[in-house]
Amino acid sequence: MIALSVIALLAFGKAPELSPGAMLRVGNETIDVEVGHAAPTLFDINGDGKLDLIVGQFGDGRVRQYLNEGTNEKPVYKDFSYILAGGKYATVPYGCCIGFTPQFVDLDGDGRPDLISGSYIPGDIYWFRNNGKGFDAGIVLPEKGTPEIERTSTAAYAVDWDHDGRIDFLVGNKLGEIRFLRNIGTPKKPKFGKRVPVMAGGKPIRVNMLSHPVAVDWDGDGQIDLLVGTGDGKVMFYRGLGRSANGVPRLAAGTPLKAGGKEINVRNRAKIWVGDWNGDGLPDLLVGNYDVAAENPNASFAERFKPSEHGNVRVYLRKR
């Protein structure tokens, strides 16, 4: 939750201003995950009180941890290691256009944050339970009734979307839709039904493929908003307009987020996270991507057009 003193600094009902994006680095090297599809989040994974950088990647469907050797106000990251689960690398099915998309949330109400991620085909959500000493091997969360075409390349975000005290999921997919997966179980024993479309401006949300949702009070007006990373590298903002009779947020039509006066565009497959990156009490925006660039033009003809795949992470700081 954002403190009231911080909320008072924000312009209610308006998308907050962001500074131009800056690439995150380890030393002098830009963070670049294996085969791209960087999916960032912030979490204190080693319990030292400092937020570490966690980044999902396409390569082998794994997830990296970059420990923060600086402070919460001035993060400094050391080289990465892969997160383990059940004594092995934590992995999910990957392919085509998505890898590991991490989030930490207490899914079973035991007071310990678990690790969750979406996946490629058939688009299951994986749950790596926190056993107090580490993470268990991933298991698939049971759900029923959603066709595979609406599940492929699932990017999941855990949130109590309908305000009933149970963790639900918002899920993006290859089609660019956002769907609501209601928890029909209990706070300690989650169970899920069919994915249903999330509406904004009276229409189902559909962006330029490979959608990645994050639910947060982005504009500081006390209402839950929705941010969505898109397949063409943009970030869409859907303002919350209160809740409907069944508790589900009502959303305005989407508008592209801007930073430094220009629309955010990280080229391809924006994966997003909202968190206080620099410890100033304001929520910032992290955006990972998938980027393909040509090799050295002076190389041989065969090598010249060999793609070079990258996955970087940018931070867009909130302006006061």
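Predicted model only: the values in this text are computed from it and were never measured.

Novice: Please explain the packing of aromatic side chains as it appears in this structure.
Specialist: Centre distance and the angle of the planes are the two values used to describe a pair of aromatic rings. Summed over all chains, the structure comprises nine aromatic pairs. Ring geometry for Phe43 and Phe104: centres 3.9 Å apart, planes at 5 degrees, overall stacked. In this pair, Phe43 is assigned in strand β4 (residues 39-43) and Phe104 in strand β10 (residues 103-105), connecting sequence segments 61 residues apart. Their ring planes at 80 degrees and their centres at 5.2 Å tell us that Phe58 and Tyr94 sit as a pair that is edge-to-face. With Phe58 in the loop between β5 (52-56) and β6 (63-66) and Tyr94 in the loop between β9 (88-89) and β10, the pair connects residues that are 36 residues apart, well separated along the chain. Residue classification places Phe58 among the buried residues on the basis of a relative accessible area of 14%.

Novice: Before we go on, may I ask you to explain the nonpolar core in this structure?
Specialist: Side chains that are nonpolar tend, in soluble globular proteins, to be buried together. By size, the foremost hydrophobic cluster in this structure holds 49 residues, and its most contacted members are Leu227 and Leu285. Looking at which element gives the most residues to this core, the answer is strand β22 (residues 235-238), with four residues. Judged by nonpolar contacts, the second largest core, of 13 residues, contains Val92, Phe104, Leu115 and Phe135.

Novice: Hey, could you run me through the sheet that holds strand β28 (residues 271-275) in this one?
Specialist: Spatially, the four strands line up as an open sheet ordered β1-β32-β29-β28, and their pairing is antiparallel. With partners counted over all chains shown, the strands left at the sheet margins are β1 (22-23) and β28, one partner each. Across four bridges, the pairing between strand β29 (residues 284-288) and strand β32 (residues 313-316) is antiparallel. Residue pairing in the sheet places Leu286 in a bridge with Val315 of β32.

Novice: Before we go on, may I ask you to explain unusual backbone geometry in this structure?
Specialist: Note: most residues except glycine have negative phi, and most peptide bonds are trans. The omega torsion of the bond from Ile121 to Pro122 falls at 5 degrees, within 30 degrees of zero and hence cis. Its place among the elements puts Pro122 in the loop between β11 (114-117) and β12 (126-128). The phi dihedral of Ser153 is positive, around 60 degrees, even though this residue is not glycine. Tracing the sequence through the fold places Ser153 in the loop between β13 (139-140) and β14 (155-159). With relative accessibility at 1%, the residue Ser153 sits in the buried group. Positive phi values are uncommon outside glycine, yet Leu210 reaches one of about 50 degrees. For Leu210, a relative accessible area of 6% gives the class buried.

Novice: Explain the pattern of salt bridges to me, please; I cannot follow it from the model alone.
Specialist: Within the structure shown, the criterion is met by 16 salt bridges. Arg179 is the partner of Glu150 in a salt bridge, and the nearest nitrogen-oxygen pair spans 3.2 Å. Of this pair, Glu150 sits in the loop between β13 and β14 while Arg179 sits in strand β16 (residues 178-183), placing them 29 residues apart in sequence. Taking relative accessible area as the criterion, Arg179 reaches 9% and is therefore assigned buried. Across the pair Arg239 and Asp219 runs a salt bridge, and its minimum N-O distance is 3.3 Å. Here the residue Arg239 occupies a position in the loop between β22 and β23 (240-243), and Asp219 occupies one in the loop between β20 (212-216) and β21 (225-229), the gap between them amounting to 20 residues. A residue is classified by how much of its surface remains accessible, and Arg239, at 24% relative accessible area, is partly exposed. Note on Asp219: relative accessible area 0%, which makes it buried. One network of salt bridges, in which partners are shared, links Asp108, Asp110, Arg112, Arg129 and Asp136.

Novice: Would you mind showing me how to read the pairing of β5 here?
Specialist: For a regular strand, the rule is simple: side chains alternate between the two faces of the sheet. With five of its five residues buried, β5 lies for the most part within the structure. Side-chain alternation along β5 places Asp52, Ile54 and Gly56 on one buried face and Leu53 and Val55 on a second face that is also buried. Where β4 and β5 come together, five bridges link them in antiparallel fashion. Paired with Thr41 across the strands is Ile54, a residue of β5. Summarising the sheet, β5 and β6 pair through four bridges and their orientation is antiparallel. From the neighbouring strand, Leu53 faces β6, where its bridge partner is Tyr66. Once β5 ends, the chain turns through six residues before running back antiparallel as β6, passing Asp60 with a positive phi of about 60 degrees.

Novice: Help me out: how do you make sense of the sheet that holds β12 in this one?
Specialist: Each strand in a sheet pairs with its neighbour through backbone hydrogen bonds, running either in the same direction (parallel) or in the opposite one (antiparallel). Pairing is antiparallel across the open sheet formed by four strands, whose spatial order is β10-β11-β12-β13. Unpaired on one side and paired on the other, β10 and β13 mark the two borders of the sheet. Direction of pairing for β11 relative to β12: antiparallel, over a ladder of three bridges. Bridge pairing links Leu115 to Phe128 in β12.

Novice: How should I be thinking about the confidence of the model for the protein chain in this particular structure?
Specialist: Predicted coordinates in areas of low pLDDT are best not read in detail. This prediction gives the protein chain a mean pLDDT of 91; 91% of its residues lie at or above 70. Across residues 1-12, confidence stays below pLDDT 50; counting only partners more than four residues off in sequence or on other chains, it has 17 contacts.

Each value, and the rule that gives it
Residues numbered from 1 in each chain as written. Predicted model: local features only at pLDDT ≥ 70, side-chain atom pairs only at ≥ 80, totals over all residues. Heavy atoms only, no water. Phe/Tyr/Trp six-rings, centres within 6.5 Å; stacked < 30°, edge-to-face > 60°. Helix = DSSP H or I, 4+ residues; strand = E, 2+ residues; numbered from the N terminus. Buried < 20%, exposed > 50% of the residue type's maximum accessible area, 1.4 Å probe, protein only. Core = buried A, V, L, I, M, F, W, Y, C linked by side-chain atoms within 4.5 Å. Pairing = 2+ DSSP bridges. Salt bridge = Lys/Arg side-chain N within 4 Å of Asp/Glu carboxyl O. pLDDT = per-residue confidence, 0-100. Contact = heavy atoms within 4.5 Å.

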